[in-house]
Amino acid sequence: MSTSQKKILVTCPPMLGMIDEFRPVFEAQNLELTAANVVQTMGEEELIETVPNFHGWIIGDDPATASVLQAGKNGLLEAIVKWGVGVDNVDFDAAQKLGIPASNTPGVFGREVADLAMNYVGGLARQSFYIDREIRANFAWPKPAGISLAEKTVALVGYGDIGRNVAKRLLAADMNVNVYDPFFEEVDGLAVKPVSWPDSLQDADFIVFTAPLNPHTHHMFNHDTLNLVKKGVRIVNVGRGPVIEETALVKGMADGLIHSVGLDVFEEEPLPKNSPLRQYEQNIFGSHNGSNTSDAVRRVSLKAIDLIAGCLKS
């Protein structure tokens, strides 16, 4: 190893899944790569021990807390990059106070996450995932009556890059779209209707969450909002798990208010084995994997490498 090389830790699972492709890119930037052995996230204590050994850190959904960053600052850490869009797990204020350059890669996954959201909408409408499971596991031949998408109303929560791309797909399916976003801006002339949360929630056949996690969105769907929904509503979340209070989902399904849910994200990840959500066969579960296509991972990983290299050279 050249003495001028900087050591980089990567803890982002989608990037790690294709890490061999990026090794030559790190080498070309004169960076020494360490690929963490991680499925979802590293714990805070483990990070406090590990991060100080590296000049740069490309972060997944790991808890990049003030304590972790302080430990890093006490060691070698010079710069961090949050891989992807969501930043709720990174204490950017702490990074700034510690003088650690920090960035992320916004606006990069809108289409990919929107594709998955639309997949969940269609899957819940036609119960296609349930049918597949019954055929495979029970040798059954079920024919549940689904619902058509056309003319159904969607409450779309969040209208950033992901939300706008979801809206395009919903509109292409001839659905009516009410948008809930305090920072709503009309984009591309899309025929959506801005609404204040939780007004008109009772009109929604689907509720689709794409919102980031912050103090205003935490548990924005809760036991109070549950009382406003239309019987038979289907709920999708491709944003952040804690935007939804899961006990409210469980109650809604137990009471027959909520037909089913499609969740790529959860309050606790991975989904606990004893989660009551598992008992409802029509639900669709993901593994916080909405952005993970090889095309998107390649695009964002190259950007993250450029960002970390630029910070370390400056």
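Structure's up top.
Residues numbered from 1 in each chain as written. Predicted model: local features only at pLDDT ≥ 70, side-chain atom pairs only at ≥ 80, totals over all residues. Heavy atoms only, no water.

**A closer look at the packing of helix α6 (residues 110–126) against helix α8 (residues 161–172)**
Thinking step 1. For the pair α6 and α8, the least separation of the axes is 8 Å and the interaxial angle reads 45°. Judged on the interaxial angle alone, α8 and α6 are oblique. In this structure, the crossing between α6 and α8 has a hand that is right-handed. Contacts between α6 and α8 involve Gly110, Arg111, Val113, Ala114, Asp115, Ala117, Met118 and Val121 on the former and, on the latter, Asp161, Ile162, Asn165, Val166, Arg169 and Leu170.
Thinking step 2. Tallied by class, the residues present in the contact of α6 with α8 amount to eight nonpolar, two polar and four charged. (Axes fitted to C-alpha atoms, helices over the stretch in contact; angles between N-to-C directions. Helix = DSSP H or I, 4+ residues; strand = E, 2+ residues; numbered from the N terminus. Parallel < 35°, antiparallel > 145°, perpendicular 65-115°, else oblique. Left-handed = near helix turned anticlockwise from the far one by under 90°. Contact = heavy atoms within 4.5 Å. Nonpolar A, V, L, I, M, F, W, Y, C, P; charged D, E, K, R; others polar.)

**Structural notes on the sheet that holds strand β1 (residues 6–10)**
Thinking step 1. Judged by pairing direction, the sheet is parallel, and its five strands sit side by side in the order β2-β1-β3-β4-β5 without closing on themselves. The open sheet terminates on both sides in strands that have one partner only, identified here as β2 (31–35) and β5 (102–104). For this sheet the average axis-to-axis angle between neighbouring strands, irrespective of direction, equals 20°.
Thinking step 2. Inspection of the sheet shows β1 paired to β2 by five bridges, in the parallel sense. Its bridge partner being in β2, Lys7 is matched across the sheet by Glu32.
Thinking step 3. Along the sheet, helix α2 (residues 19–28) contacts β1, β2 and β3 (56–59); its crossing angle with β2, the most-contacted strand, is approximately 160°.
Thinking step 4. Together, β1, β2, β3, β4 (79–82) and β5 form the strand contacts of helix α11 (residues 294–313), whose direction differs from that of β4 by roughly 165°. (Pairing = 2+ DSSP bridges.)

**Focus on the nonpolar core**
Thinking step 1. In terms of nonpolar packing, the biggest core is built from 72 residues, with Met15, Phe26, Trp57 and Ile58 touching the most fellow members.
Thinking step 2. Residues Tyr180, Met220, Leu226 and Ile244 belong to the second largest nonpolar core, which totals 27 residues. (Core = buried A, V, L, I, M, F, W, Y, C linked by side-chain atoms within 4.5 Å. Buried < 20%, exposed > 50% of the residue type's maximum accessible area, 1.4 Å probe, protein only.)

**A look at α6**
Thinking step 1. An ideal rise of 1.5 Å per residue puts 24 Å on 17 residues; α6 measures up with 24 Å between its terminal C-alpha atoms.
Thinking step 2. Burial runs high along α6: twelve of the 17 residues are buried.
Thinking step 3. For α6, the set of buried residues is Gly110, Glu112, Val113, Ala114, Leu116, Ala117, Met118, Tyr120, Val121, Gly123, Leu124 and Ala125. (Expected span 1.5 Å × (residues − 1).)

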